[in-house]
Each structure stands twice: as structure tokens, then as C-alpha cells.
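Fold and geometry: a report
One-letter residues, chain by chain:
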Amino acid sequence: MTISPISPLVPREGERLLSGWGRTAPSMATVLPVTSVTDVLAAVSAAGPRGILARGLGRSYGDAAQSGGATVLDLSALAQVHVDTAAGVVSCGAGASLDDLLRTLVPAGYFVPVTPGTRMVTVGGAIAADVHGKNHHVEGTFGSHVSSMTIVDGRGEERVLEPGDPAFWATVGGMGLTGVVAEAAFDLIPISTSMVSVDTDRTADLDELMDRMVSGDDAYRYSVAWVDSAHPSGRGVLTRGDHAPVERLPARDREQPLAYDPRVLATVPVVMPKGLVNPLTMRAFNEAWYRKAPKHRVGELQPIASFFHPLDILQDWNLGYGPAGFLQYQFAVPDDSGHLVSLALDRLRRIGAISPVTVLKRFGAANAGPLSFPQPGWTLAIDVPADVPGLADALDDLDGLVLAAGGRLYLAKDSRMSPEMMAATYPRLSEWRRVRDEMDPDRVFVSDLSRRLLL
Amino acid sequence: MRDAVGAPQSILILGGTSEIALATLRRLPRSRIRRVVLAGRPSERLAAAVAELTTAGFAGVEQVAFEATDTDTHGSIIDAVFDAGDVDLVLLAFGVLGDQAESEADPRLAVTVATINYTAMLSTGLNAARRLRGQGHGSLVVLSSVAGDRARRANFVYGSTKSGLDAFAQGLSDALHGSGVHVLVVRAGFVRGRMTEGRPEAPMAVTPDEVAAVIVSSLRKGRGTVYVPAQLRLVMAAVKLLPRPVFRKLPY
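Small disclaimer: the values here were computed from a predicted structure and weren't measured. Numbers given to residues run from 1 along each chain, matching the order in which its sequence is written. The naming scheme follows written order: chains are lettered A onward, ligands numbered 1 onward. A pLDDT threshold of at least 70 governs which residues receive local features in this predicted model, and a stricter bar of 80 or more applies before side-chain atom pairs are shown or counted, although totals over entire chains, interfaces and linings include all residues. Only hydrogens and water are removed before side-chain values are computed, so all heavy atoms of the structure are retained for them.

Side note on the overall build of chain A
Numbering of helices and strands starts at the N terminus; helices are DSSP runs of H or I of at least 4 residues and strands are runs of E of at least 2. When helices and strands are tallied, chain A shows 13 helices and 21 strands. With the radius of gyration taken over C-alpha atoms, the globule rule is written as 2.2 Å times the number of residues to the power 0.38. What you see for chain A is a C-alpha radius of gyration of 22 Å, in line with the 23 Å of a compact globule of 455 residues. Its C-alpha atoms give chain A principal-axis dimensions of about 65 × 55 × 50 Å. Out of the 455 residues in chain A, the part that is buried amounts to 59%. Taking the contacts inside chain A whose residues are at least 6 apart along the sequence as the reference set, 73% of them involve residues at least 24 apart. Computed by Shrake-Rupley with a 1.4 Å probe, the accessible areas treat only the displayed protein chains as cover when residues are assessed. On chain A, roughly 17,700 Å² of surface is accessible, and the fraction owed to carbon and sulfur atoms is 56%. The classification of residues rests on relative accessible area computed with a 1.4 Å probe and restricted to protein chains. Under 20% of the type maximum is buried, over 50% is exposed, and intermediate values are partly exposed. Whether two residues touch is decided by their heavy atoms; if any such pair falls within 4.5 Å, the residues are in contact.

As C-alpha cells, this is what we get:
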């Protein structure tokens, strides 16, 4: 059956339903593939009244990479990679994923300066969300390592931005609302092997975990803790390490010290048994994950993929939450409000919101980006099924505590905070708006997130 | 925008004094609501609803003059509301019960019932659907009735309008499937309230607030058609199977 296209209800070419990784509030947009900066320029000039937005691999959890009724640029073909092995820098199209990059970089003896818990993000997305990784306490965010980027701003002009420029820092962490990042150059970490030397500590409770992180994190380049969200003690597993030197490898591996073979072991089926993620299975999962970790182990060699990207082994794991989807609550609070970590865990456990992936990390210094999330202190990230009864109120209560503590939520994860919370916790929002208004005076760049938070 | 836990920020109610619609509004998370548009016939009751919501702490409550029978104006009224900003939730909540006997005596009255309950719903429904579809997200709630499941002797003018409305809403829901716009059709039974005041109550009667509770939870779950109370789904399935000679003699 075909219905004449004069009907405004009939789907048009390129229209697709887009959502974030949490699959909670999808909206329909016209997806437009672009292959060059020229294409991006043309698309921005042709933007309609609903605006335009760049989307990478859709790993932000909420509504940052979707825009109802708008044109959404697919930059996956804008992904040429050029590695300068002598200087240790790379320049690439913004659509290149860290997965693509690592397959080229690791065998060449380099690692990306910062990687989040998944390598399935694009460089453009990493800049727009100013992502952080396990080395934040030492080496800062992804944006801090970018030496230059080419963007197309809202006036349809191609611009090269460098860190001295306010427009650069409005774009780092700017969630794609200042322009479309088309290309970027950033520095790399030289490595001599593809293995990480990991120290693991299993702690009896949250206090012990946090004490160890405060006292010991500075000795490590990479540090992150997993917390048992089902257990009232807040016990956890702390893993810390650095890239292993060649002499740490067993003799048989020294011939190919940079071998890199990340694998996807399984894909979550599209049709999931309903209720696979429930308090019972999550309690069992947390228990097993805790028990699997050694009490104390030093210098274990782990491949890059298992240390940095454990979740990538299971493709499409977000489908495991079923049709209702899920959200991730990630906040940062200063050191003097570390008690919010246990408060948040308690509050969510009491409503039955038990998460398989609960991550605690210490942040180092903030950077110059007005909307960059990390600030010195603690950050906790908890995954929660979106349909847990009482969730909205529990998270609003936690928002109040985070706000009072001088903390904030991560825009790449947020899918439900209020515009008031946003404005109160990002005090440099007005400064960012001034720069954005120069870069995009007509508000060509619009996302569902920017509409929801009145950015 | 609607957020991950289902809270809308902007709501348009066509039939701005509807008890069910206002009860639905009161059950939504107030902290996220920034705009409420009550569209209805300018009246003391409509002004009172605006004042009451504002006093209750709702932000951005406004009223818009809307006359269901004046279908030529629907397009521009709905466009003006959407032009001022995205609408996350539209409630089509106007309707009249009419009087069966009077309608039989004066068919012009029956035409008015049909114009309001069917023609105007179709007109506002299509206009709202066009705009929701254009913004790529949103929910549309259509207040149907079990009276449309099978028209009764005592009430068939009203029943036939709801029957037509329900068929329209089902089709609209299919047309919008996968577009980011969700249509919820609510088949309520006897609702105690202004509309049914002074009428003999049917079994399984519900309050506007009970209907509102089902609307709010069904929006969250993304359901397509709901009965209120839920047991009516089975009852109506059985009623539809009754032989006509039996059905004709039913007391309700």
C-alpha cells in the first residue's frame, strides 16, 4: 500500500527514529550522510527551521545526539585518519571512531590520549562531550589533548580552532551546539606493548575503597573502581595500572608486543526476554563480579580491550534493558562531598534500582571548557532501568544534593535533569551562551537535549 | 521535550475544562512542566481552570480560544500553539454526551453532537498530528469511549460518534507508528463528573482521576489503546458477542 507523499504523515526519505544509548525518548529526524567538509557546509547552509545536528555513534545515553524534526548529519564517512608517527600526533575526520583509530594506532605504538569505557565513540563525539577516561586524574579530558579542529559554525563558515580561542573551548563539551566538528588533530600516548599492567584490590566496603583511591591513585596513570550497587556496604573492586613495557611481557609475546585484536564475543539479541535486568539477576551479577576479583593482585597483564573497554565485548548490550530503556546517572562532586557517593547508592538501592555497571572515579583538574563536566573530586556513574517506580523523584532528590554540594551532572549521560538544575550547576553557562551566540547566532544547531535544557 | 522518565514539558489540552484532562495534568511531574495551553470556549470555567492551575504551581499556563464546531479555525489555532514551541503532549479532551431523545426529536441536535465528538476531533486530531509529526516527537491522547464499541439503543447517537472517533484514532495511530509520535486511545466507561451529572450510573463507573491515572501510566508504557477500568476490555469483548435480541434488552 502506498500513500501519496502529499500526506504530511508519510515517512520521507532519510527519516529515521533516533535515540540515545539508553533508548528512552526517541525522536524522528532526517539523517543526511556527509563525506566532506564541503558537504557539511552545504548541509548547514540548507538547514531548515528545525535545525541541524551532528551525530556520531549514538553512545550518549540521553537525548544529546538526536533532534526531532531536524536534519541529523551522519559523519561516519568523514573518517580519514592520518598518523604522524614521528611527532606522535594524529589528525582525522570527526566521524572516525576510537575503535578505528586504535586498530591503526596500537600496532604503530600509540594509544589514544583519552578513552571512555567504550571505544565505539567518534572523535567528534569525544570532543563534543569532552569525554574522560581512567586517566582523568592525571591527563584530563579528551578535549585537553586536541591541538586543533576544523568546524563548520552556525553561520556556515569553516573555521580552524585552536586552544587559545574561546570558540575552541565552547566547542569542547559544547554538545555539538556551536558547530559541526569535521576534523581534529590530537596528541597520542606512546606505548611499547598492547598490554596493561594492572593492580587489583577488592575492598570490603565503600570507605576502604575511597580511602585507597585518595591515598593511592596518584601513583597510577589509570584508575577506576567498580562498586557493588546491590550490597549495602558499597564494597568494590579497584583496578589501576599503566601500559606495560616490553620487558614485562613473557618471552613468547615479545616478538609482537603491539598485537591488537579486540573482539566482540556476543551480540545481545534484538528480542530480549522481558525482565532480564531485574533486581534478582542484578544482585547475582554484582555478587559474581565481586567474587571474581582477586583480593589483591599486582602487575597482572591485561589486553587493552579488556582493561579499557570491557563492555564492548557484548555488542548492543543496551538492548538488555528491554523496551523501557535505561538511563545513567553520573554526577561529579568535590572531595568534601564524597559522602554523596554512598547516599546515592543507598537511595537507588532502596527503590530497587540495582545497576550492573556502577563506576567510581576520582577526577583531576577541570579544563577551560565552560560546559566541560569533570571537576576535581569524585564522580559516580550508575545505570538504572528507566521504569523503576519512584526513579524520577529519587533522582530529583539526588539532584538537589548534588547541586547543594557544588556538583553537576554529565550532559552526555543526562536524560532527565531540569533546566534549572543545568543552569545552577554549570555556572559558566552564560559565558558559553555568549560564545555560542557568536558562533551560531540563528540557533541552527539544535538537539532534543538543547530543547529540554533550554540551552 | 519529554524526558527519559516520561515527564513532558509542554502540554496542549483541547477541551481545556475537561475534568479528565485537568486531572491528568495534576498527575504529571509538576517540576518539569513549563507550558500548559488550555484551549476551549472562553468562559468563567476556563478562566477558573487557568487560575487554579497557576495557584497550584503550574508554570506558563495560558488559555486559547477554541470552538470545536468552528473547524475552519482549528488549523491556525493549533499552528499558533506549536509555532510558539514544541508540544510534548496533546490531549483531545472535548466532547458532549447530548440527549438521545432530543436528538431523535430534533436531528439538528444530533448533528451538533456528531460535529463536536467526531468532526472536530478528526479536524484537531489531523492538525495536531501534522505538527507532532513535523517536530518528530510527542504524544497524542484521544478520549474515546466504550460507548463506541457497540452502539446502544439508549445512546446510539453519542455511541456512533465515539465509534467513528475511535476508528479514526486507531487509523491515525497506525499512520504515525514509528514516527516518534505516540497515539493513546482511551476507552473509558461511565465517568462520574460534569458530563454525566444527574444520569443513572452504569456499573464499573470511574472518576476522572482514575482515568487520569491510567492515561499517565499508559503514556509511560507507550500503550496504544486502553480501557478504564481495565476489566471493561473483557466485558466489552463479551458485549460485542451478544446476539442483538439480547443486547437490545440490556438495561444499560
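So that's the structure; there's more coming.
With respect to the packing of aromatic side chains
Residue and element names in this part refer to chain A. Pairing of aromatic rings covers Phe, Tyr and Trp, the last through its six-membered ring, and needs centres within 6.5 Å; plane angles under 30 degrees mean stacked, over 60 mean edge-to-face, and all others mean tilted. For the coordinates displayed, the defined rule picks out 16 aromatic pairs over all chains. A centroid spacing of 4.7 Å and a plane angle of 85 degrees characterise the contact between Tyr222 and Phe308, whose relative ring orientation is edge-to-face. With Tyr222 in strand S13 (residues 222-227) and Phe308 in helix H8 (residues 304-308), the pair connects residues that are 86 residues apart, well separated along the chain. Across the pair, Phe308 and Tyr222 agree in class, each one buried. Seen from their ring centres, Phe307 and Phe308 are 4.9 Å apart, and the 85 degrees between their planes marks the pair as edge-to-face. Each member of the pair, Phe307 as well as Phe308, carries the same accessibility label: buried. The structure contains a cluster of three or more aromatic residues connected by ring pairs, namely Trp21, Tyr61, Trp317, Tyr321 and Phe326. Working rule: Lys NZ or Arg CZ, within 6 Å of ring centre, within 35 degrees of ring normal, means a charge sits over the ring. A cation over an aromatic ring shows up here: Lys134 above the ring of Phe307, its NZ or CZ 3.8 Å from the ring centre.

A short note on the domain arrangement of chain A
How big an interface is tends to be reported as the loss of accessible area on association of its parts. Residue and element names in this part refer to chain A. In terms of domain boundaries, chain A breaks down into domain 1 (81-190) and domain 2 (195-420). Computed from C-alpha atoms alone, the centre-to-centre distance between domain 1 and domain 2 is 23 Å. Contacts between domain 1 and domain 2 engage 32 residues on the former and 35 residues on the latter. Buried area is calculated as the accessible area (1.4 Å probe) missing from two parts once they are joined, with the contributions of both summed. Together, the buried faces of domain 1 and domain 2 total about 2,800 Å²; carbon and sulfur atoms form 61% of this surface. In terms of surface lost to domain 2, no three residues of domain 1 exceed Arg119, Lys134 and His137, which account for 28% of the buried area on that side. In what follows, salt bridge is the name for a side-chain nitrogen of Lys or Arg lying within 4 Å of a carboxyl oxygen of Asp or Glu. Taken together, domain 1 and domain 2 are joined by two salt bridges. Of the charged contacts in the structure, one is a salt bridge between Glu139 and Arg221, with a shortest N-O distance of 2.7 Å. Source of the domain bounds: an automatic or database domain assignment.

A short note on the side chain of Ser418 of chain A
Within the secondary structure, Ser418 of chain A is located in the loop between strand S21 (408-409) and helix H11 (419-425). Not counting residues within four places of it along the chain, the set of residues in contact with Ser418 of chain A comprises Leu453 of chain A together with Arg32 of chain B.

Remarks on the pairing of strand S1 (residues 10-14) of chain B
Residue and element names in this part refer to chain B. Of all five residues that make up S1, five are buried, and the element is covered over most of its length. The two faces of S1 match: Ser10, Leu12 and Leu14 on one face and Ile11 and Ile13 on the other face are all buried. Two strands pair when backbone bridges link them, and S1 and strand S2 (residues 35-40) are joined in this way by five bridges, in the parallel orientation. Residue pairing across strands places Ile13 opposite Leu38, the latter belonging to S2. The handedness of the S1 to S2 crossover, carried by helix H1 (residues 19-27), is right-handed. Strand pairing follows a simple DSSP-based rule, namely that at least 2 bridges must link the two strands. Bridge count between S1 and strand S4 (residues 89-92): four bridges; the pairing is parallel. Within S4, the residue paired with Leu12 across the bridge is Val90. A clockwise course of the path from the first strand over the helix to the second, judged with the strands pointing away from the viewer, identifies a crossover as right-handed.

With respect to the interface of chain B and chain A
Taken residue by residue, the interface counts 24 residues in chain B and 32 residues in chain A. At the boundary of chain B with chain A, total buried surface from both sides reaches about 2,100 Å², with 55% on carbon and sulfur atoms. It is Ala4, Arg32 and Arg133 of chain B in chain B that bury the most area against chain A; as a group they hold 28% of the surface buried on that side. Between the two partners, chain B and chain A, sit five salt bridges. Contacts described as polar in this section are N or O atom pairs within 3.5 Å, which, within protein, must combine one atom able to donate a hydrogen with one able to accept it, while residues neighboring in sequence count only if both atoms come from side chains. Along the contact surface separating chain B from chain A lie 13 residue pairs in polar contact (both at pLDDT 80 or more). Breaking the side of chain B that touches chain A down by element, the ones donating at least two residues are helix H5 (107-135) and helix H6 (156-175) of chain B. Looking at the side of chain B that touches chain A element by element, the count peaks at five residues for H5 of chain B. Amino acid classes used here: Ala, Val, Leu, Ile, Met, Phe, Trp, Tyr, Cys and Pro are nonpolar; Asp, Glu, Lys and Arg are charged; the rest, including Gly, are polar. Its residues assigned to classes, the side of chain B that touches chain A shows seven nonpolar, nine polar and eight charged.

A closer look at the nonpolar core
A general tendency of soluble globular proteins is for nonpolar side chains to be buried together. All names here are of chain A. Residues Phe111, Phe142, Met149 and Leu360 are the most contacted members of the largest nonpolar core, which totals 111 residues. Of the residues that make up this core, three or more belong to each of domain 1 (81-190) and domain 2 (195-420). Excluding residues within four positions of it along the chain, Leu360 makes contact with Leu206, Leu209, Met210, Met213, Val224, Ala225, Val227, Val341, Trp378, Thr379 and Leu380. Residue types Ala, Val, Leu, Ile, Met, Phe, Trp, Tyr and Cys, when buried and joined through side-chain atoms within 4.5 Å, form a set referred to as a nonpolar core.

Examining H5 of chain B
Within an α-helix, residues lying three or four positions from one another point in the same direction, as the helix has 3.6 residues per turn. Residues and elements named next belong to chain B. Across its 29 residues, H5 extends 40 Å between first and last C-alpha, which sits within 8% of the 42 Å expected from 1.5 Å per residue. Note on bend: the value at a residue is the angle between axes fitted to the seven residues ending there and to the seven starting there. Roughly 40 degrees is the biggest bend found in H5, and it falls at Thr115. Looking one or two places after H5, you find Gly136, whose phi comes out positive at around 80 degrees. Take the number of residues in a helix, subtract one, and multiply by 1.5 Å to get its expected span.

Overview of the sheet that holds strand S6 (residues 89-93) of chain A
All names here are of chain A. Here we have five strands laid out as an open sheet, ordered S5-S6-S10-S8-S9, and antiparallel in their pairing. Two strands close off the open sheet at either side, each with one partner strand: strand S5 (81-84) and strand S9 (158-161). Strand-to-strand twist in this sheet, taken as the mean axis angle between neighbours without regard to direction, amounts to 15 degrees. Pairing of S5 with S6, which is carried by four bridges, proceeds in the antiparallel orientation. Its bridge partner being in S6, Val81 is matched across the sheet by Cys92. Here helix H1 (residues 37-45) sits on the sheet in contact with strand S8 (146-153), S9 and strand S10 (179-187), set at roughly 40 degrees to S8. Axis definition: a line fit to C-alpha positions, over the contact stretch in the case of helices; interaxial angles, taken between N-to-C directions, run 0 to 180 degrees. On the sheet, helix H2 (residues 98-105) packs against S5, S6 and S10 and is oriented at approximately 40 degrees with respect to S5.

Quick notes on the side chain of Thr178 of chain A
Residues and elements named next belong to chain A. With respect to the secondary-structure elements, Thr178 resides in the loop between helix H5 (166-171) and S10. Thr178 sits in the buried class, given a relative accessible area of 0%. Among the polar contacts listed, one links the side chain of Thr178 to the side chain of Thr171, at a separation of 2.9 Å. Among all residues touching Thr178, those that are not within four sequence positions of it are Ile151, Asp153, Gly154, Ala170, Thr171, Trp432, Arg436, Met439 and Phe445.

Looking at the pattern of salt bridges
Throughout the structure, instances matching the rule amount to 46 salt bridges over all chains. Between Arg443 of chain A and Asp437 of chain A there is a salt bridge, and its shortest N-O distance comes to 3.7 Å. According to the relative accessible area criterion, Asp437 of chain A is partly exposed, its value standing at 34%. In this structure, Arg187 of chain B engages Asp166 of chain B in a salt bridge whose closest nitrogen and oxygen atoms are separated by 2.6 Å. Of this pair, Arg187 of chain B sits in strand S6 (residues 181-188) while Asp166 of chain B sits in helix H6, placing them 21 residues apart in sequence. When sorted by exposure, Arg187 of chain B lands in the same class as Asp166 of chain B, which is buried. Connected through shared salt-bridge partners, Asp396, Asp399 and Arg416 of chain A together with Asp3 and Arg32 of chain B make up one network.

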